[in-house]
Amino acid sequence: MKEFLMLLLKIAVVGGAFYFINKQLTEKDFDWEIIAKALHTPNAWFLVGILLLLTFLNRFIEILKWKNLAQTVKPISIWESTKQVLIGITFGIVTPNGIGEYAGKAWFYERKNTVKIIFLNAVCNGIQVVFSVLFGLIGTFYINSLHQFIATKYIVLFFGVLIAVILVILSVKNIRIKGYSLQSLFKSLNEIPKTIHRKNIGLALLRYLVLIHQYFILYTLFHVEIPYFVLLAVVASIYLLASSLPNFQAVDFALKGSVAIYLFSFFGVDGWIVTLVAALIWLLNLVIPISIGSVLLLIFNPKKNSNQQAI
């Protein structure tokens, strides 16, 4: 019965993942001829090669990040980390903001380690969020200085609220909610060796740079002539503004695409190109890994592998 229920869960997750993907691809009327024209230009295939390399690095760095953090529970190989990351992403696509990823990774470990795996996954994703917010704010304010779309009073209000929130958090760090507090969170973070933290931070920064340069290569391929740092600032701002809204990973490109069209309109970029770039990033960074993760999910039994390792 347990094997049967596990099979049903796998089929439900994989079926839901491909349902969302298919729905997005069939409902959007993309002008794919833009790609054909771009591929006939000089250096096009060289740029495509760089794009594919960056796509591989984007996910591989995430695999290295998880391998680095998971060793605090037990050492795992790159192959084991690959399975856990890709299957986790597959679970994440059918849940809001990808929270299913936490359950997908925890599935590989004994129940007694569930809380720690969820915590480690939060650390893994959290440092990525920190870089997204930091560079996103820099990008947003830089773009706003060129083409004001946020009133000054709202910027002042934002920083006022931010400082107030930080002060409140620091003042209630000892208050416990269901046995947990900020004090216990900081303690748990300090229990992770500093070498692992440093490696996690370095890999997260590298992954963020890889991600935004995927956009740079695609816009270069489609002959969008915007200064290098301005383009990166727009991309950073898109990620900050889009990520601050609740969404499903399956429709992630639609949300980022709509924000991108608005910001790139200040620089006269064709909306079709912006939409197409968002769709291609979604296909490369999400659909391909989920397709592989779905196959791995159907082949492997995480709980069975975990129990065998424990024995």
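As the structure is a prediction and not an experimental result, all values here were calculated from the model. (Residues numbered from 1 in each chain as written. Predicted model: local features only at pLDDT ≥ 70, side-chain atom pairs only at ≥ 80, totals over all residues. Heavy atoms only, no water.)

## A closer look at the confidence of the model for the chain
Turning to step 1, where the next piece is worked out: With 77% of its residues at a pLDDT of at least 70, the chain reaches an overall mean of 81.
Turning to step 2, where the next piece is worked out: Counted against residues more than four places away or in other chains, residues 307–311, with its pLDDT under 50, gives three contacts. (pLDDT = per-residue confidence, 0-100. Contact = heavy atoms within 4.5 Å.)

## A closer look at the packing of aromatic side chains
Two descriptors summarise a pair of aromatic rings, namely the distance from one centre to the other and the angle between the planes of the rings.
Turning to step 1, where the next piece is worked out: This structure, assessed with the given rule, holds 13 aromatic pairs.
Turning to step 2, where the next piece is worked out: Taking 5.3 Å as the distance between ring centres and 15 degrees as the angle between the ring planes, the aromatic pair formed by F56 and F60 counts as stacked. A residue pair is termed a helical-turn pair when its members lie 3 or 4 positions apart in one helix, as F56 and F60 do in helix α3 (residues 44–70) at four residues.
Turning to step 3, where the next piece is worked out: Note on F60: relative accessible area 25%, which makes it partly exposed.
Turning to step 4, where the next piece is worked out: Considering the side-chain rings of F91 and W107, the 5.5 Å spacing of their centres and the 85 degrees angle between planes classify their relative orientation as edge-to-face. (Phe/Tyr/Trp six-rings, centres within 6.5 Å; stacked < 30°, edge-to-face > 60°. Helix = DSSP H or I, 4+ residues; strand = E, 2+ residues; numbered from the N terminus. Buried < 20%, exposed > 50% of the residue type's maximum accessible area, 1.4 Å probe, protein only.)

## A short note on the UniProt feature "transmembrane region" (unreviewed entry) in the chain
Turning to step 1, where the next piece is worked out: Within this structure's numbering, the places UniProt gives as "transmembrane region" (unreviewed entry) are residues 5–22, 42–61, 118–142, 154–172, 204–222, 228–246, 253–273 and 279–300.
Turning to step 2, where the next piece is worked out: Measuring from the first to the last C-alpha atom of residues 118–142 gives 35 Å, for a span that is 100% helix and 0% strand.
Turning to step 3, where the next piece is worked out: Helix makes up 95% of residues 204–222 and strand 0%, and the two end C-alpha atoms of the span are 28 Å apart. (UniProt positions renumbered as here; feature names shortened; annotations may be inferred.)

## Digging into a nonpolar patch on the surface
Turning to step 1, where the next piece is worked out: A surface patch of nonpolar side chains, about 440 Å² in accessible area, is lined by Y154, L157, V161, V165 and I169.
Turning to step 2, where the next piece is worked out: With respect to the secondary-structure elements, Y154 resides in helix α7 (residues 152–171).
Turning to step 3, where the next piece is worked out: Note on Y154: relative accessible area 47%, which makes it partly exposed. (Patch = residues over 30% accessible without salt bridge, like charges linked within 9 Å, V, L, I, M, F, W, Y side chains within 5 Å. Areas by Shrake-Rupley, 256 points an atom, 1.4 Å probe, with all protein chains shown as cover. Salt bridge = Lys/Arg side-chain N within 4 Å of Asp/Glu carboxyl O.)

## Some thoughts on unusual backbone geometry
Turning to step 1, where the next piece is worked out: Phi angles above zero are rare outside glycine, and N43 is one such case at about 65 degrees.
Turning to step 2, where the next piece is worked out: Notably, H223 is not glycine yet its phi reads approximately 60 degrees, a positive angle.
Turning to step 3, where the next piece is worked out: Structurally, the position occupied by H223 is in the loop between α9 (194–221) and α10 (228–243).

## Looking at the nonpolar core
Turning to step 1, where the next piece is worked out: Within the largest apolar cluster, 48 residues are counted, with the highest numbers of intra-cluster contacts made by L218, Y219, F222, F264 and V277.
Turning to step 2, where the next piece is worked out: No other element matches the 11 residues that α9 contributes to this core.
Turning to step 3, where the next piece is worked out: Residues in contact with F264, not counting those within four places in the same chain, are Y219, I226, L231, V234, I238, V269 and V274.
Turning to step 4, where the next piece is worked out: Counting 28 residues, the second-largest nonpolar core is a separate cluster that includes I76, Y109, F119 and I192. (Core = buried A, V, L, I, M, F, W, Y, C linked by side-chain atoms within 4.5 Å.)

## A word on the environment of I155
Turning to step 1, where the next piece is worked out: Position of I155 relative to the elements: it lies in helix α7.
Turning to step 2, where the next piece is worked out: Considered as a pair, I155 and F141 are 14 residues apart in the sequence and their alpha carbons are 8.8 Å apart.
Turning to step 3, where the next piece is worked out: Filtering out sequence-adjacent residues up to four positions away, I155 remains in contact with F141, N144 and I150.

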